[in-house]
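Close look at the chain arrangement
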Amino acid sequence: MDLSLYIRLLKNDDVVVIPTETVYGLAASITSDKALRKIFDIKQRPLTNPLIVHLANPADIALYASSVPPEVNLLAEKFCPGPLSFVLPAMDGISPLIRGGHSTVALRIPNHPLTLQLIKELGNPIAAPSANRYMGLSATSAAMVELAMPELRGHIIDGGRCSAGLESTILGFEGGEPILYRMGCITREEIERVIGKPVRYVGNAKSEFPVAPGMQLRHYAPQTPMLVTNDVWNTLERLSTTRVAVLSFRETINHPAIIAREILSIGGDLQEAAHHLYDALHRLDQAKPDVIIAEWMPEEGIGLAINDKLRRGAESVLLS
Ligand code: TXA
Ligand code: MG
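Nothing here was measured: the structure is a model prediction, and the numbers come from that model. (Residues numbered from 1 in each chain as written. Chains lettered and ligands numbered in written order. Predicted model: local features only at pLDDT ≥ 70, side-chain atom pairs only at ≥ 80, totals over all residues. Heavy atoms only, no water.)

Here the focus is the overall build of the protein. On a plain count of helices and strands, the protein comes out with 11 helices and 14 strands. The C-alpha atoms of the protein give a radius of gyration of 19 Å, which matches the 20 Å a tight globule of 320 residues would have. With respect to the principal axes defined by its C-alpha atoms, the protein has extents near 60 × 45 × 35 Å. Here the protein, with 320 residues, has 58% of them falling under the buried criterion. (Helix = DSSP H or I, 4+ residues; strand = E, 2+ residues; numbered from the N terminus. Rg over C-alpha atoms; globule rule 2.2 N^0.38 Å. Buried < 20%, exposed > 50% of the residue type's maximum accessible area, 1.4 Å probe, protein only.)

Next up, the structure:
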């Protein structure tokens, strides 16, 4: 694909929407503070929330991190390009806008041919958060980005539907100990298997100034209030509203109050469920129900990461 239009935008201090295997990103060249500022303006995102730097090659990690633990090399060999971001001490010269004022930088190698081509042709990495408004639902297609942020029309590289559909896993190190900051496509078990040691998860922090904003409790939220439950039918019976949208894992649930429904994977495949998650939530939102009732996924593998997004997207949680 000819990307020269997008290269020109990036070189002219502007932003471009990039496809990745996880979700679409809103990108700027790491050399343009002007374009980096535009990202925060468009997303309505606080300047303290750092951005992920997207690199074309795993070997470039050493160019942007001042020290690289051996675990990173093992993981990069296995998973990069792919949905894993590393938080590492930043090399001098990386804009504070990217670092959100921290001394660390998040680095990842996205697995999408168009975005890898873009970074290579631009000649330097790009920084990108997910292409959605602050705290809103992430976008897994170009159309979803344009619907949520129409001002970006003309800046979007359409690379099709995101294959994985869920954000990258974020891994950092504190005193040499591996720490999971955000659950994502790559599970904690997969990481532990490669590095041969336990990984601590700190993403449940309710702190007001979390290390990673993906850790804030309300995040990844649809416009409609959402409840998450183990028993959708029972929850439907208990609600008085008659305009309900239902997000279920594998079963079709019938009830007179349902005006829209999405089933994430009839075959019960959690990867498939992750792939459909944001798409399905967008569609349910568009049906303008009074409430979305979502069903918890099985607490295993990538189901843990899906449940984490559902928990953060929900107004309140009914444990039933
Ligand atoms: O899959 C993904 O990671 C997507 C695609 C576009 O690459 N990007 C993404 O970016 O999800 P964003 O900004 O929506 O989420 C990145 C998370 C944020 O919660 C941010 O705070 C955290 O990464 N992060 C970035 N730099 C960090 C740093 N230096 N220390 C701790 N957390 C960091
Ligand atoms: Mg995001």
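Further remarks concern the sheet that holds strand β5 (residues 104–108). Ordered in space as β1-β2-β6-β3-β5-β4-β7-β8-β9, the nine strands form an open sheet in which the pairing is mixed. Here the strands that pair on one side only, and so sit at the sheet edges, are β1 (16–18) and β9 (200–201). Where β1 meets strand β2 (residues 25–29), three bridges bridge the pair, whose relative direction is antiparallel. The residue of β2 that forms the bridge with V17 is L26. The strands that helix α4 (residues 70–79) touches are β4 (84–89) and β7 (169–174); relative to β4, the one it contacts most, it runs at about 160°. Each of β1, β2, β3 (52–54) and β6 (126–128) touches helix α6 (residues 113–122); the most contacted strand, β6, lies at about 135° to it. (Pairing = 2+ DSSP bridges. Contact = heavy atoms within 4.5 Å. Axes fitted to C-alpha atoms, helices over the stretch in contact; angles between N-to-C directions.)

Before going further, it helps to spend a moment on unusual backbone geometry. For the bond running from C80 to P81, omega is 0°, close enough to zero to count as cis. Along the chain, P81 turns up in the loop between α4 and β4. Phi angles above zero are rare outside glycine, and M135 is one such case at about 75°. By secondary structure assignment, the location of M135 is in the loop between β6 and α7 (142–148). Residue classification places M135 among the partly exposed positions, given a relative accessible area of 32%. Here K288, not a glycine, exhibits a phi torsion of approximately 50°, which is positive. Within the secondary structure layout, K288 lies in the loop between α10 (270–286) and β13 (291–295).

A few words on the layout of surface pockets. Approximately 460 Å³ is the volume found for the second largest pocket. At the level of secondary structure, the elements contributing two or more residues to the lining of the second largest pocket comprise α7 and α10. Looking at the lining of the second largest pocket, its residues break down into eight nonpolar, six polar and four charged. (1 Å grid on protein atoms, 1.4 Å probe; cavity = no way out; pocket = protein on both sides within 12 Å on 5 of 7 lines; lining within 4 Å. Points joined across faces, edges and corners; volume = space filled by probe spheres on them. Nonpolar A, V, L, I, M, F, W, Y, C, P; charged D, E, K, R; others polar.)

Here we come to the confidence of the model for the protein. Averaged over all residues, the pLDDT of the protein is 93; the fraction at 70 or higher stands at 93%. pLDDT under 50 marks residues 206–210. Its contacts with residues more than four places away, or in other chains, come to three contacts. Predicted confidence for residues 316–320 stays below pLDDT 50, and this span has 16 contacts to residues more than four positions away or in other chains. (pLDDT = per-residue confidence, 0-100.)

Below, the discussion takes up the packing of α10 against helix α11 (residues 303–313). Helix-helix packing is characterised by the crossing angle of the two axes and by the distance between the axes. Following both chains from N to C, one finds α10 and α11 inclined at 25°, their axes separated by 9 Å at the closest point. Classified by the angle their axes make, α10 and α11 are roughly parallel. Once α10 is placed against α11, the crossing between them reads as left-handed. For the pair formed by α10 and α11, the contact residues are L270, A273, A274, L277 and Y278 on the first element and G303, I306, K309 and L310 on the second. Across the contact of α10 with α11, the residue classes break down as seven nonpolar, one polar and one charged. (Parallel < 35°, antiparallel > 145°, perpendicular 65-115°, else oblique. Left-handed = near helix turned anticlockwise from the far one by under 90°.)

Direction vectors running N to C along α4 and helix α8 (residues 188–195) enclose 115°, while the axes themselves pass 9 Å from each other. In the packing of α4 onto α8, the handedness of the crossing is right-handed. Residues E71, L74, L75, K78 and F79 of α4 pack against E190, I191, V194 and I195 of α8. Taken together, the residues of the contact of α4 with α8 sort by class into six nonpolar, no polar and three charged.

Moving on: the pairing of strand β11 (residues 244–248). Counting buried residues in β11 gives five out of five residues, a clear majority hidden from the surface. Alternating residues of β11 divide into V244, V246 and S248 and A245 and L247, and every residue in both groups is buried. Across five bridges, β11 lies against strand β12 (residues 258–263) in parallel orientation. Counterpart to A245 in the pairing with β12 is A260. For β11 and β13, the ladder comprises four bridges, and the chain directions are parallel. Its bridge partner being in β13, L247 is matched across the sheet by A294.

This paragraph deals with the side chain of H255. On the secondary structure map, H255 appears in the loop between β11 and β12. A polar atom in the side chain of H255 sits 2.9 Å from the side chain of E237. If near-sequence neighbours (up to four positions away) are discounted, H255 is found in contact with W233, L236 and E237. (Polar contact = N/O pair within 3.5 Å; in protein donor to acceptor, adjacent residues only side chain to side chain.)

Turning our attention to the pattern of salt bridges. For the structure on display, the rule yields 12 salt bridges. We note a salt bridge from E262 to R283, for which the minimum N-O separation is 2.8 Å. Placement of E262 in strand β12 and of R283 in helix α10 is noted, with a sequence separation of 21 residues between them. With relative accessibility at 40%, the residue R283 sits in the partly exposed group. (Salt bridge = Lys/Arg side-chain N within 4 Å of Asp/Glu carboxyl O.)

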